[in-house]
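One-letter residues, chain by chain:
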Amino acid sequence: MSTLVKVARYHLVQPHLYLVLAWGVLAFSFAVNLAVYALVPAGHHPVAAAGSVPDGRYTAALASIFIYFLVLGVNSTGRWLPFGLALGVSRRTYYTGTALLATVLACVDGLALALLQVIERATNGWGVQIGFFRIPYLLDGPWYLTWLSSFVGLALLFVYGMWYSIVFRRWGLIGTIAFTAAQVTVLLVAALLVTWARGWTGVGHFFTSLTAAGLTGLLAVLAVALLVGGQATIRRATI
Amino acid sequence: MTPVIAVDGLTRRYRDQVALDDVSFELAEGTITGLLGRNGAGKTTLLRILAGQEFPSSGSVRVLGAPPAENDAVLQRMVFVREDQAYPDIKVRHALRAASWFYPNWDADLARSVAADFDLRPDKAIKKLSRGLRSALGITIGLAARTEVTLFDEPYAGLDAVARQIFYDRLLADYAERPRTILLSTHLIDEASALFESVVVIDRGRVVLEAAADGLRGVATTVSGPALAVEDFTAGRAVWNRRRLGSQASVVAVGPLDEAARVRARSLGLDLAPLTLQQLVVHAASSPQAGEPETADPEGVSA
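In every chain, residue numbers begin from 1 and rise along the written sequence. Here chains are named by letter from A upward and ligands by number from 1 upward, in the order in which they appear as written. Where local features are concerned, this predicted model is filtered to residues with pLDDT of at least 70; where side-chain atom pairs are given and counted, the filter is 80 or more; whole-chain, interface and lining totals use all residues.

1. Some details on the overall build of chain B
And then number 1: Per the secondary structure count, chain B includes eleven helices and 13 strands.
And then number 2: With the C-alpha coordinates of chain B rotated into their principal frame, the extents come out at 65 × 40 × 40 Å.
And then number 3: Residues with at least 20 other C-beta atoms within 10 Å of their own are called buried, those with 12 or fewer are called exposed, and the rest are partly exposed. The C-beta atoms themselves are positioned from the backbone. Scored against the burial criterion, the 303 residues of chain B give a buried share of 43%.
And then number 4: Placing a C-beta atom from the backbone of each residue, one calls two residues in contact when those atoms lie within 7 Å. Counted over contacts in chain B with a minimum sequence separation of 6, partners at least 24 positions apart contribute 70%. Only DSSP runs of H or I reaching four residues or more are called helices, and only runs of E reaching two or more are called strands; each is numbered from the N terminus.

2. A few points about the overall build of chain A
And then number 1: Looking only at helices and strands, chain A has nine helices and zero strands in total.
And then number 2: Reading the secondary structure of chain A in the N-to-C direction produces α-α-α-α-α-α-α-α-α.
And then number 3: When its C-alpha atoms are laid out on the principal axes, chain A stretches across 60 × 50 × 30 Å.
And then number 4: Per-residue burial for chain A yields a buried fraction of 33% across its 239 residues.
And then number 5: In chain A, the proportion of contacts linking residues at least 24 apart, taken out of those at least 6 apart, comes to 81%.

3. Let's talk about unusual backbone geometry
All names here are of chain B.
And then number 1: You will see that glutamate 70, though not glycine, has its phi angle at about 55°, which is positive.
And then number 2: For glutamate 70, the position within the fold is in the loop between strand E4 (58–63) and helix H2 (72–75).
And then number 3: With a phi close to 50°, arginine 204 is a non-glycine residue in the positive phi region.
And then number 4: Relative to the elements of secondary structure, arginine 204 occurs in the loop between strand E8 (198–203) and strand E9 (206–212).

4. Thoughts on the sheet that holds strand E11 (residues 239–245) of chain B
Residues and elements named next belong to chain B.
And then number 1: What the four strands build is an open sheet, ordered E11-E12-E10-E13; its pairing is antiparallel. At either margin of the open sheet sits one strand with a lone partner, and together these are E11 and strand E13 (271–274). Sheet twist, expressed as the average angle between the axes of neighbouring strands with direction ignored, equals 15°.
And then number 2: Where strand E10 (residues 220–226) lies against E13, four bridges are found, and the strand directions are antiparallel. Counted as the bridge partner of threonine 222 is alanine 273 from E13.
And then number 3: A fitted line through C-alpha atoms serves as each axis, taken over the contacting stretch for helices, and the angle formed by two N-to-C directions is quoted from 0 to 180°. Its contacts with the sheet put helix H9 (residues 227–234) on E10, E11 and strand E12 (248–254), and the angle it makes with E10 is roughly 145°. Here a strand pair is declared whenever DSSP counts at least two bridges between the two strands.

5. A closer look at the packing of helix H7 (residues 143–196) of chain A against helix H9 (residues 212–234) of chain A
The geometry of a pair of packed helices is captured by two quantities: the angle between their axes and the separation between those axes.
All names here are of chain A.
And then number 1: H9 packs onto H7 with a crossing angle of 30° between their chain directions and a minimal axis gap of 9 Å. Comparing their axes, H9 and H7 come out roughly parallel. For the element pair H7 and H9, the recorded crossing hand is left-handed. Of H9, the residues touching H7 (which contributes Leu145, Leu148, Ser149, Val152, Gly153, Ala155, Leu156, Val159, Tyr160, Met162, Trp163 and Ile166) are Ala212, Ala213, Thr216, Leu219, Ala220, Leu222, Ala223, Leu226, Leu227, Gly230, Thr233 and Ile234.
And then number 2: For the contact of H7 with H9, the per-class residue count stands at 19 nonpolar, five polar and no charged. For classification purposes, angles smaller than 35 degrees are called roughly parallel, those larger than 145 roughly antiparallel, those between 65 and 115 roughly perpendicular, and all remaining angles oblique. We call a crossing left-handed when the near helix sits turned anticlockwise from the far one by less than a right angle, and right-handed when that turn is clockwise. Under the convention adopted here, Pro, Cys and the residues Ala, Val, Leu, Ile, Met, Phe, Trp and Tyr are nonpolar, Asp, Glu, Lys and Arg are charged, and Gly plus all remaining residues are polar.

6. Details of the domain arrangement of chain B
And then number 1: An automatic or database domain assignment provides the domain bounds reported here. Looking at chain B, the domain boundaries give domain 1 (5–215) and domain 2 (220–274).
And then number 2: Domain 1 of chain B and domain 2 of chain B are separated by 39 Å when their C-alpha centres are compared.

7. Brief notes about the pairing of E10 of chain B
Across a regular strand the side chains alternate sides, sitting on one face of the sheet and then on the other.
And then number 1: Two elements, E10 of chain B and E12 of chain B, share seven bridges in a ladder whose sense is antiparallel. Each bridged residue has a counterpart across the sheet, and for serine 224 of chain B the counterpart in E12 of chain B is serine 250 of chain B.

8. Some points on H9 of chain A
Residue and element names in this part refer to chain A.
And then number 1: Expected span of a helix: the number of residues minus one, times 1.5 Å. When the terminal C-alpha atoms of H9 are compared, their 32 Å separation across 23 residues agrees well with the 33 Å that a helix rising 1.5 Å per residue should span.
And then number 2: Within H9, the full set of buried residues consists of Thr216, Ala223, Leu227, Gly230 and Ile234.
And then number 3: Each element contacted by the buried residues of H9 is listed here: helix H5 (91–122) and H7.

Structure follows, in structure tokens:
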């Protein structure tokens, strides 16, 4: 058994954390939404086409599983790191093994989300015309695109979570705050530069012409960059 | 034969202090060595660097022939049992199961048996264990891993005297069955002194004594009795530590005492007691020359 697989198994030594809870949270959220929207009739909203979701009946509750992956990412390199390293692996191997687990998990869960979206369309929003597994623009296309977008989104959030744990371990609370502030600063500087160069129309064009697939591609690039950077950052972390 | 652990000029500096200062020593294969010293001497820092959990500021560290930091091949052949090991929110059996995957020589029967000795129940959540049982878990993993290099950093925190004796007995028994290189740091020196084949004493980040344990026994003797007789007997010998109370005196005489000297001491009515390892370490760590490395040799020790 390769060491990377051993690290992945280490995280799964108590399976419910990674395999069950995400879906438990989502299932609960789904049940609540279903109950609420079953009470609100869709009748008075104009229905554009059979099978589409009337305005106002999209929920954003799918975010719960994405947030959960962020939490899993933080946890995986937080509380689980010291004992993982005590089992005789380098930080590099631990990180890569954890990333491997995250990738497989994101792939499987993304597929499940895509399938649920297909069923939702087929049942006309679970019989009450809600858009739980469909999100306009982001997750509203063919099932394979939904799978890809979900996969990238979940993986990105997991890696982002890992970053926070690593930063916290290396530089403490102040470091973590600085890390967040740095990100905000980067965005701010970018906005200032664009304003100074009067480039907002160009930016607007770019984003309006960006398809969901294009956005997914961008996020994938970001995820890979974070992944590589995370491995470099964890190398000097001490436990 | 290449030493299993070779440390040369190791220094570890933090922003406001030097934790290890030019530490050099070597450990041969298949020995049990005691790493002794006061609290804050640098024992834990040294062990963490050997285990690849900390990084040296300068100097070289080689375990099994290569630097241990970020080196999977070396780390897999080594286990580090530390007193403050942090575990995730899992149960004892999960920790043991995970360890069984990572250590190729893992002995599940030994793990079960050691855990039973310590009354460590597999289904308990680790975060709910008492300090002693957490130490017991660390010891269980450390022994059952049966790695070539085993590092212990005061592994018996919270263990009572009975449990500590279980640890020593189990350690020796498994070591006899499967020899390995063991480095055990402790400040309960006399209790563990029977285990050690060699000792390394660290004080304020420097090695102050590195010797075979056998060579140290008999290196100094406490001579006590009537003050004049003591003075007479120890004339011309190197001494540490003179103490006097009224007409009685107690002096630590350095150097081996042959049979003739012993007979003479008896005839003078003097009491001879060999210095224990603990007393020796206390002296080595607290003497004014504690800043300089001192290698004890059986022929005689300069005070």
